[in-house]
Amino acid sequence: MPYFAYKGRNAAGELVSGVLESADSTAVATQLFASGVTPVEIGTTSAPRKPGPGWFGAIGGKVDPTEVMLFSRQMHALLKAGVPIMRALGGLQDSSVNPVFKDAIRQVREGLDGGHDLSASLGRQKGVFNPFYVAMIYVGETTGRLEEIFLRLFHHLEFQAFMRTQVKSALRYPIFVMVAMALALIVINIFVIPAFAKVYRGFGAKLPLITQWLIAFSDFMVNSWPVLLAILVGSILAFRAWVRTPVGRHSWDRFKLRIPVAGKIVLKATIARFARSFALAVRSGVPIVQGLSLTAQTVENAWVSGQIERMREGVERGESVLRTAAHSDVFTPVALQMVMVGEESGSLDDMMDEVADMYQREVEYELKTLSAQIEPILIVCLGVLVLILALGVFLPIWDLGTAAFKKQ
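Residues numbered from 1 in each chain as written. Predicted model: local features only at pLDDT ≥ 70, side-chain atom pairs only at ≥ 80, totals over all residues. Heavy atoms only, no water.

Enquirer: Hey, could you run me through the packing of aromatic side chains in this one?
Expert: Ring pairs (aromatic) are described by centroid distance and by the angle formed between their planes. Under the criterion given, the structure shown has 10 aromatic pairs. Here the aromatic rings of Phe 101 and Phe 129 are separated by 6.3 Å at their centres, their planes lie at 45 degrees, and the arrangement is tilted. Here the residue Phe 101 occupies a position in helix H5 (residues 99-113), and Phe 129 occupies one in the loop between helix H6 (118-123) and helix H7 (131-143), the gap between them amounting to 28 residues. Accessibility assignment for this pair places Phe 101 and Phe 129 in one class, buried. Between Phe 239 and Trp 252, the aromatic rings sit 5.1 Å apart at their centres with planes inclined by 85 degrees, giving edge-to-face as the arrangement. A residue pair is termed long-range when its members are at least 10 positions apart, and Phe 239 in helix H10 (residues 225-244) and Trp 252 in helix H11 (residues 246-256) qualify at 13 residues. Through a chain of ring-to-ring contacts, the aromatic side chains of Phe 71, Phe 101, Phe 129, Tyr 133 and Phe 150 assemble into a single cluster. Seen from the ring of Phe 159, Arg 276 lies directly overhead, with NZ or CZ sitting 4.3 Å from the centre. (Phe/Tyr/Trp six-rings, centres within 6.5 Å; stacked < 30°, edge-to-face > 60°. Helix = DSSP H or I, 4+ residues; strand = E, 2+ residues; numbered from the N terminus. Buried < 20%, exposed > 50% of the residue type's maximum accessible area, 1.4 Å probe, protein only. Lys NZ or Arg CZ within 6 Å of the ring centre and 35° of its normal.)

Here it is, written out as structure tokens:
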């Protein structure tokens, strides 16, 4: 539909202006009259432009989930205090420091001015409010519990942010260890082994096979580092492009769940996010099938999301949530037992909250003991590395010392 720029006066006589999307100018005038604005001038215009990142960097180019979380909390407080929704949105628009989020709130207000529902206006801001958020707002509108839904969404987003931080913490230590070992190998091959190689070449003796391999690999790294650097950069770019594809994202997300020690933490945090989201959807009155479809988009893991979609398909065929969850290969027996109790007692939302709490406690415990769990793996890897280097570097010295001793 075309866009129309308008100027008019509100009930207080103040001059207002904006842009609305509608079928024609008559429909725009009707929408303005309905919102209490008397139109003065209406004309066609182009679609409103969204501001780019510019000088604002990360905060200007996208909307951080924390901003949406605080927006939900503030909307709850304002609506609870009896502030009209348009005035509440106007105040939050003026107080926002992120130009992208400020523009999104402005467009939401224009949508409300144009006669659209709040959920529909939020749904048009694709990069800001996800489908789960929009669906919850729709439930709040239809049930008259919008104020309560905003508070629930605030707690939901707060929990999501907490679990996201836990996942990053779980992956940070293993990644740091692998990067440190890779840097150590680079330093050894570029600086340490070449120094020993010069000494060994001066002896003119035959070197052990493992020493020959180490020297050959070190020479390759020293002489061909531009090629290795190009291969490394190309591999990173190719990996990022592959992860952006549906197949690549699915495979990578499943691989992350199989990483030793850290993988189980990532899985538990992901299931905790799903359980909390599903509990919120069911408690708010969303049908189970629709709730599964919506929560599949909140877990931030393509493989787990696919398993939840299979659960939804099973429920659509008439199967129980317990049966579909058991075939998903995601939940533990304890979690399945809690789902069974929830279905039988009619308190599935409460039981899913219990599942989320259980997984959250397990994630926190796993993170506290992460260093103790990863230390044996680290010691074994370092031991193998030191053994290979020791044998390669010191075997020739041992052989030469033995030969000299025999000559004496």
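Next, the rest of the story.
Enquirer: Sorry if this is basic, but what is going on with a nonpolar patch on the surface here?
Expert: Judged by side-chain polarity, Ile 175, Met 178, Val 179, Leu 183, Ile 186, Val 187, Ile 190, Phe 191, Val 192 and Val 222 come together as a nonpolar surface patch covering roughly 860 Å² of accessible area. With nine residues, helix H8 (residues 146-203) is the largest single contributor of residues to the nonpolar patch. Inspection of the secondary structure assignment puts Met 178 in helix H8. The class of Met 178 is exposed, set by a relative accessible area of 54%. (Patch = residues over 30% accessible without salt bridge, like charges linked within 9 Å, V, L, I, M, F, W, Y side chains within 5 Å. Areas by Shrake-Rupley, 256 points an atom, 1.4 Å probe, with all protein chains shown as cover. Salt bridge = Lys/Arg side-chain N within 4 Å of Asp/Glu carboxyl O.)

Enquirer: Hey, could you run me through the pairing of strand S1 (residues 3-9) in this one?
Expert: Side-chain direction in a regular strand flips from residue to residue, so the side chains alternate between the two faces of the sheet. Alternating positions in S1 separate cleanly, Phe 4, Tyr 6 and Gly 8 being buried on one face and Tyr 3, Ala 5, Lys 7 and Arg 9 remaining unburied on the opposite face. Relative to strand S3 (residues 38-45), S1 is paired through seven bridges, and the arrangement is antiparallel. Within S3, the position partnered with Tyr 3 by the bridge is Thr 45. (Pairing = 2+ DSSP bridges.)

Enquirer: Explain the layout of surface pockets here, please?
Expert: Empty space among the atoms becomes apparent when a probe as large as a water molecule is rolled across them. In this structure, the largest pocket occupies an estimated 750 Å³ of space. Taken together, 32 residues line the largest pocket, and the ones lying closest to its centre are Pro 65, Arg 164, Arg 273, Thr 298 and Glu 300. Mapped onto the lining of the largest pocket, the elements with two or more residues apiece are helix H3 (65-80), H7, H8, H11 and helix H12 (262-283). Among the elements that take part in the lining of the largest pocket, H8 stands out by supplying nine residues, more than any other. (1 Å grid on protein atoms, 1.4 Å probe; cavity = no way out; pocket = protein on both sides within 12 Å on 5 of 7 lines; lining within 4 Å. Points joined across faces, edges and corners; volume = space filled by probe spheres on them.)

Enquirer: How should the pattern of salt bridges be read in this particular structure?
Expert: Tallied over the full model, the rule gives 18 salt bridges. Of the charged contacts, one joins Glu 316 and Arg 312 as a salt bridge, the two residues approaching to 3.0 Å between their closest N and O atoms. Remark: Arg 312 and Glu 316 occur in helix H14 (residues 302-316); sequence separation between them is four residues, near one turn of the helix. For Arg 312, a relative accessible area of 17% corresponds to the buried category. The network of salt bridges with shared partners includes Arg 276, Arg 283, Asp 349, Asp 350, Asp 353 and Asp 357.

Enquirer: Help me out: how do you make sense of empty space enclosed by the protein in this one?
Expert: Summed over the entire model, instances satisfying the criterion amount to two cavities of 30 Å³ or more. In terms of lining residues, the largest cavity is bounded by Ile 193, Phe 196, Tyr 200, Thr 211, Leu 214, Ile 215, Gly 392 and Val 393. Partitioned by chemical class, the residues of the lining of the largest cavity number six nonpolar, two polar and no charged. In this structure, the second largest cavity encloses a volume near 30 Å³. Along the walls of the second largest cavity sit Phe 274, Phe 278, Met 311, Val 321, Ala 325, Phe 331, Val 339 and Met 352, which together make up its complete lining. At the level of elements, H12 and helix H15 (321-326) are the ones that each hand at least two residues to the lining of the second largest cavity. When its residues are assigned to classes, the lining of the second largest cavity shows eight nonpolar, no polar and no charged. (Nonpolar A, V, L, I, M, F, W, Y, C, P; charged D, E, K, R; others polar.)

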